[in-house]
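One letter stands for each residue in the lines below.
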Amino acid sequence: MTPIDAGSELDPVHPVPLPQRARGLTSAEVAERVARGEVNDIPVRSSRSATEIIRANVFTRFNAIIGVLWLIMLFVAPFQDSLFGYVILANTGIGIIQELRAKKTLDSLAVIGEAKPTVRRDGRATEISTSDIVLGDLIEIGPGDKIVVDGVCAEADGLEIDESLLTGEADPVVKHRGDQVMSGSFVVAGGGAFTATKVGREAYAAQLAEEASRFTLVQSELRTGISTILKYVTWMMIPTAIGLVISQLVVKQNDFKDSVARTVGGIVPMVPEGLVLLTSVAFAIGVIRLGRKQCLVQELPAIEGLARVDTVCLDKTGTLTEGGMDVTELRPLDGDEGYVRKVLGALGESDPRPNASLQAIIDAYPDSEEWRCTESLPFSSARKYSGAAFSEGDGTTSAWLLGAPDVLLPAGHPVLAETEELNHQGLRVLLLARARGDLDDPAVKEGAEAVALVAMEQRLRPDAADTLRYFADQGVHAKVISGDNAVSVGAVAGKLGLAGAQDTVDARTLPDDQAGMAKALDENTVFGRVTPQQKRDMVGALQSHGHTVAMTGDGVNDVLALKDADIGVSMGSGSEATRAVAQIVLLNNSFSTLPSVVAEGRRVIGNITRVASLFLVKTVYSVLLAVLVVCFQIEYPFLPRHLTLLSTLTIGVPAFFLALAPNKERARPQFVRRVMRYAIPGGVVAGTATFVTYVIARHYYTGSGALDAETSSATLTLFLVSMWVLAIIARPYTWWRVCLVAAMGAAFLLVLMVPRLQDFFALKLVGASMPWTAVGIAAVAAVALEYVWRWVDRRFPV
């Protein structure tokens, strides 16, 4: 359509004749800049480096404490009393291996989803990696493209750039030749090219781009809650440990090595070191599982966040429907159909980067070669229409608009009744109108003459209905928010079985205040003619009513809402801008992957909440026992080997299996409160029962070997009570959970029955009266646990 100047060439990547224009750098010039280091060398990573992973898992506060105590035990006690150190080594190794596996998964997925800017080199348009851009490169841009480096606009064809992520200014900025463009902004309309003037870390938003795609383990309620718990544990642990050291080494004046061993035995179980490790492992395994389904989790807490979501805002196009469309009917209103087909063909050819609607028109109506485009107005989601002016084959000129009928026509226009009829069938309808004024006039649509209606059928995603049904079953409210006609959107949603799809709202009638908008959103399900700024406002309105909001989308009009939502979900085929701001990218473009992400998040949160109580019950009873020992000025009842055995059988092994088990329970807030309201009473009951058994045993046994017999009785009570805690936490029972609890009990029984294991763990029950007394006290404690935890549920509901 556009005349080809002499000297034009064919682009091997895009087989479209290129007019004479800026050819970009030559290969020699690129090589020179690379040699000078003028390359966009920001290390954009999807995960932490291997060194950072090892450092984060090894150099922790609690590993330092355990490490020092382990070294002490290696010199003063038998091998079996230093087993806890080897357990920490094994656990840390498992954590490192799992996170390295997650890193490998993330890195491979990041390569698949990496944006490929188009640059002109040697006069040819070529897609390259962002990191291969050099200073002076000429980079082509179009709708949805993110500006990856700073530059100066070299070509502009109706180019509009949204800089809101950098400046906070919501309105797109029209760019002309010579204007500055900043990295971190994105194109919302038109196209063009710019010359890179700042690359690498000199670019304005370089650090933002690097941080946005980095693997992170922070900013999550789960991890923040665990950090809070560990902070309080540290405060409790320090004075208790000091008192225990003084009591065992100074006051009792026992054998030095035995006193040290029992002191360490009192300090080690106060540390819930496995809780942090298990959380990291659970998150890492979640990333690996989702990676196998082509789901890129750009921020780990997104797994947790989506599990907490109670409202999902869905953009219709690209989410409920596939990107492609088909023209089903052309309905001329004024003029013959042949002429209208020529106009539509010319309009299709006038846009070098057509959206899905225009692409359907291009496929249906070939271009008329004798028409020449003299001016174009690219489509904008804010305007809801595009346009072009032509010099027709016979020398006459005309200007045309193509867009939403209810935007281009005044209310009450008779054509809108026909449009409504087509919308009720779930069809998308565009109006072709002849413009009377200049295209760059903001009021160009005023007085436009309706010429034809173009009806298009959208291709429904085959998995959309099942996904919407899943969200409904899980109590997650779906809100369809689209820029299309509300009735048409409602008809599509109705075909997919979405409840409330018949009650549609035109967003132009929504109140501007947040409270009124929030009320409308709570009462309705389908919203049409929503502007990009309104999408953002809707997310804020829902959040103001306490909703946790996820936003899905793939177009530039979704970027602002994706950024403000609690969780942004982008399709892999979506614009570069949406992929940049989203926390989750569905690389397979399958809406049906979302339930897997929700389920994975629920599994992680629900199970970590469950097993956290196991770890913290141990911390509470360890602190309580240490305090009681200091107050009563007696020997600490346990050696490290006893508590290593108990921790392994009642916490370590069961927690690993429970943390990775399926869990569909919806995530609930107040993690710390929910965990501690069980851990504190559970730990108090376990610690009290154990101390009572120990005191009775001290009065029962006398002579040499009495302390070993007392320790064995106390160990039996503590094991039985801890097993009951495990049995409660493992509910509701399934066959494998019953087998897990039974296996742990059988393992302890094996230790008590095999002489060599008795000697290794220094456990030998003496007589019959005291062991049965220990069992009886544990039974009373189990009943107390049942009563106390039920009372806590009633007294302190979450």
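Scoring rules and cut-offs
- Residues numbered from 1 in each chain as written.
- Predicted model: local features only at pLDDT ≥ 70, side-chain atom pairs only at ≥ 80, totals over all residues.
- Heavy atoms only, no water.
- Helix = DSSP H or I, 4+ residues; strand = E, 2+ residues; numbered from the N terminus.
- Contact = heavy atoms within 4.5 Å.
- Phe/Tyr/Trp six-rings, centres within 6.5 Å; stacked < 30°, edge-to-face > 60°.
- Lys NZ or Arg CZ within 6 Å of the ring centre and 35° of its normal.
- Expected span 1.5 Å × (residues − 1).
- Buried < 20%, exposed > 50% of the residue type's maximum accessible area, 1.4 Å probe, protein only.
- Pairing = 2+ DSSP bridges.
- Axes fitted to C-alpha atoms, helices over the stretch in contact; angles between N-to-C directions.
- pLDDT = per-residue confidence, 0-100.
- 1 Å grid on protein atoms, 1.4 Å probe; cavity = no way out; pocket = protein on both sides within 12 Å on 5 of 7 lines; lining within 4 Å.
- Points joined across faces, edges and corners; volume = space filled by probe spheres on them.
- Nonpolar A, V, L, I, M, F, W, Y, C, P; charged D, E, K, R; others polar.
- Parallel < 35°, antiparallel > 145°, perpendicular 65-115°, else oblique.
- Left-handed = near helix turned anticlockwise from the far one by under 90°.
- Core = buried A, V, L, I, M, F, W, Y, C linked by side-chain atoms within 4.5 Å.
- Salt bridge = Lys/Arg side-chain N within 4 Å of Asp/Glu carboxyl O.

## Considering the side chain of T644
Phase 1: Residue position: T644 is located in helix α22 (residues 640-659).
Phase 2: Excluding residues that lie within four positions of it along the chain, T644 makes contacts with L83, F84 and V87.

## Details of the packing of aromatic side chains
Phase 1: Taken as a whole, this structure holds 12 aromatic pairs when the rule is applied.
Phase 2: Aromatic side chains Y470 and F471 sit 5.8 Å apart centroid to centroid with 65 degrees between the ring planes, which places their arrangement in the edge-to-face category.
Phase 3: Seen from their ring centres, F719 and F748 are 3.8 Å apart, and the 15 degrees between their planes marks the pair as stacked. Placement of F719 in helix α24 (residues 706-729) and of F748 in helix α25 (residues 735-753) is noted, with a sequence separation of 29 residues between them.
Phase 4: Three or more aromatic residues joined by ring pairs make a cluster, and in this case those are Y339, W371, F390 and W400.
Phase 5: If you follow K231 out to its NZ or CZ, it ends over the ring of Y232, 5.5 Å from the centre.

## Comments concerning helix α8 (residues 256-267)
Phase 1: With 12 residues, α8 should cover 16 Å at 1.5 Å per step; its first-to-last C-alpha distance of 17 Å lies within 8% of that length.
Phase 2: Within α8, nine of the 12 residues are buried, which leaves it mostly tucked inside the rest of the structure.
Phase 3: Among the residues making up α8, those that are buried are S259, V260, A261, R262, T263, V264, G265, G266 and I267.

## Considerations on the sheet that holds strand β20 (residues 526-528)
Phase 1: Read across the sheet, eight strands follow the order β10-β23-β22-β21-β11-β18-β20-β19 without closing on themselves; strand pairing throughout is mixed. Where the open sheet ends on each side, the last strands, each with one partner, are β10 (295-297) and β19 (504-506). Along the sheet, successive strands turn relative to each other by an average axial angle of 20 degrees, direction set aside.
Phase 2: With three bridges joining them, strand β22 (residues 567-571) and strand β23 (residues 584-586) adopt parallel strand pairing. Pairing of M571 across the sheet is with L586, part of β23.

## Some points on the confidence of the model for the protein chain
Phase 1: Scored by pLDDT, the protein chain has a mean of 82; 90% of the residues are at 70 or more.
Phase 2: Per-residue pLDDT stays below 50 along residues 1-20; that stretch engages in 34 contacts with residues further than four places along the chain or on separate chains.

## Remarks on empty space enclosed by the protein
Phase 1: Taken as a whole and assessed by the stated rule, the structure comprises two cavities of 30 Å³ or more.
Phase 2: Taken as a whole, the second largest cavity spans an internal volume of roughly 50 Å³.
Phase 3: Along the walls of the second largest cavity sit L614, V617, Y621, T650, I651, S722 and V725, which together make up its complete lining.
Phase 4: Among the residues forming the lining of the second largest cavity, the class breakdown is five nonpolar, two polar and no charged.

## A short note on the packing of helix α21 (residues 594-632) against α24
Phase 1: Where α21 contacts α24, the axes come no closer than 10 Å and their chain directions differ by 155 degrees. Classified by the angle between their axes, α21 and α24 sit roughly antiparallel to one another. Handedness of the α21/α24 crossing: right-handed. Contacts between α21 and α24 pair R610, S613, L614, V617 and Y621 from the former with L718, S722, V725, L726 and I729 from the latter.
Phase 2: Taken together, the residues that form the contact of α21 with α24 break down as seven nonpolar, two polar and one charged.

## Concerning the nonpolar core
Phase 1: Counting 87 residues, the largest nonpolar core has F84, I608, L614 and F748 as its most contacted members.
Phase 2: Excluding its chain neighbours within four sequence positions, the residues that come into contact with L614 are T650, I651, A655, L658, V725, L726 and I729.
Phase 3: Residues V287, I288, A478 and L496 belong to the second largest nonpolar core, which totals 37 residues.

## With respect to the pattern of salt bridges
Side-chain pairs of opposite charge can arise where the charged atoms are in close proximity.
Phase 1: Under the definition given, this model contains 23 salt bridges.
Phase 2: A salt bridge links E38 to R36; its shortest N-O distance comes to 3.1 Å.
Phase 3: Linking E786 and R790 is a salt bridge whose minimum nitrogen-to-oxygen distance equals 3.7 Å. Highlighted residues: E786 and R790, both in helix α27 (residues 769-795), separated by four residues, approximately one helical turn.
Phase 4: Looking at E786, the relative accessible area reads 13%, which means it is buried.
Phase 5: Members of the salt-bridge network, linked through shared partners, are D406, D506, R508 and R529.

## Some details on the environment of G225
Phase 1: Take G225: it is sitting in helix α7 (residues 221-251).
Phase 2: Exposure remark for G225: the relative accessible area of 5% places this residue in the buried category.
Phase 3: Taking C-alpha positions, G225 is 37 Å from D258, a pair spaced 33 residues apart along the chain.
Phase 4: Beyond its immediate stretch of four places on either side in the chain, G225 contacts F671 and V672.

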